[in-house]
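A structural walkthrough
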Amino acid sequence: MNARLLGPLVALSSGLIFGLGLLISGMNNPAKVRAFLDVFAAWDPSLIAVMGSAIPVFALFFYFSKRRKTPFCATAFHEPKLTRIDLRLLAGALLFGIGWGLVGLCPGPALVNLLAFEPGVLIFVLALLAGNRIAHWLVGPVR
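Computed from a predicted structure; not experimentally measured. (Residues numbered from 1 in each chain as written. Predicted model: local features only at pLDDT ≥ 70, side-chain atom pairs only at ≥ 80, totals over all residues. Heavy atoms only, no water.)

1. As for the environment of G7
Formally: Elements are defined by DSSP. Helices are runs of H or I of four residues or more, strands are runs of E of two residues or more, and each kind is numbered from the N terminus. Only protein chains enter the accessibility calculation, which uses a 1.4 Å probe. A residue is then buried if its area is under 20% of the maximum for its type, exposed if over 50%, and partly exposed in between.
Looking at where G7 falls in the secondary structure, it is placed in helix 1 (residues 3-25). Judged by its relative accessible area of 17%, G7 is buried. Note: C-alpha distance between G7 and A74 (67 residues apart in sequence) is 6.3 Å.

Structure below.
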């Protein structure tokens, strides 16, 4: 099977595995995420276990991908072009963190939660898309 056909299948299966992982671990539940961020009251450290198990799996696959000349599912590797820590990166990280802390959702779990048809999640995703477009218009695309 060539990369053109395999790529979408791997993307679909990866998304399904990621979404199932979010659902099984409960990381799509904003209350659970906010409980992780609430270190001075009802702290729930289970997010550490989720991230702690995800990082070694990613590191292993990343290590083996770096040893290949070409990827399995694409014609070329897509390396990040921006590698420096600058004001734009820090401002974006700060805004992301504030939004994550206030709502308890980041884009991945929000997309999983869209299937629940909860109005709050729909509003969050629409605001996320609007914020993305506003930032693109005000700051410009990443180059």
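2. Quick word on the packing of helix 2 (residues 30-37) against helix 4 (residues 87-103)
Applied cut-off: Between the N-to-C directions of two axes lies an angle of 0 to 180 degrees, each axis being a line fitted to C-alpha atoms and, for a helix, fitted only over the stretch in contact. Roughly parallel here means an angle under 35 degrees, roughly antiparallel means over 145, roughly perpendicular means 65 to 115, and every remaining angle is called oblique. Contacts are assigned to residue pairs that have any heavy atoms within 4.5 Å of one another. By the convention adopted, Pro, Cys, Tyr, Trp, Phe, Met, Ile, Leu, Val and Ala count as nonpolar, Lys, Arg, Asp and Glu as charged, and the other residues, Gly among them, as polar.
Two elements in contact, helix 2 and helix 4, have axes separated by 8 Å at closest approach and are oriented at 115 degrees. Regarding the angle of helix 2 to helix 4, the classification is roughly perpendicular. Packed against helix 2, whose contacting residues are P30, V33, R34 and L37, the element helix 4 presents W100, G101, L102 and V103 at the interface. Its residues assigned to classes, the contact of helix 2 with helix 4 comprises six nonpolar, one polar and one charged.

3. Thoughts on the packing of aromatic side chains
How we decide: Note on aromatic pairs: the rings of Phe, Tyr and Trp (six-membered ring only in Trp) are paired at centre separations within 6.5 Å, and the planes decide the class, stacked below 30 degrees, edge-to-face beyond 60, tilted for the rest.
All chains considered together, the criterion is met by three aromatic pairs. Between F36 and W43, the ring centres sit 6.5 Å apart and the planes meet at 35 degrees, which makes this aromatic pair tilted. Between F58 and F62, the aromatic rings sit 5.4 Å apart at their centres with planes inclined by 25 degrees, giving stacked as the arrangement. Here F58 pairs with F62, and both are found in helix 3 (residues 46-66), just four residues apart, close to one helical turn. Exposure remark for F58: the relative accessible area of 55% places this residue in the exposed category.

4. Some details on helix 6 (residues 119-138)
Note the threshold: To estimate the expected span of a helix, subtract one from its residue number and multiply by 1.5 Å. Think of the arc as the fan of directions from the helix axis to the C-beta atoms.
With 20 residues, helix 6 extends 28 Å from end C-alpha to end C-alpha; this agrees with the ideal 28 Å at 1.5 Å per step. All of the buried residues along helix 6 are V121, F124 and V125. Mapping the buried residues of helix 6 onto a view down its axis gives an arc of 95 degrees, with all of them on the same face. Away from its buried face by more than 90 degrees, helix 6 exposes P119, G120, I123, W137 and L138. Tucked into the core, helix 6 has its buried residues touching helix 4 and helix 5 (107-113). G140 lies just past helix 6 and shows a positive phi near 100 degrees.

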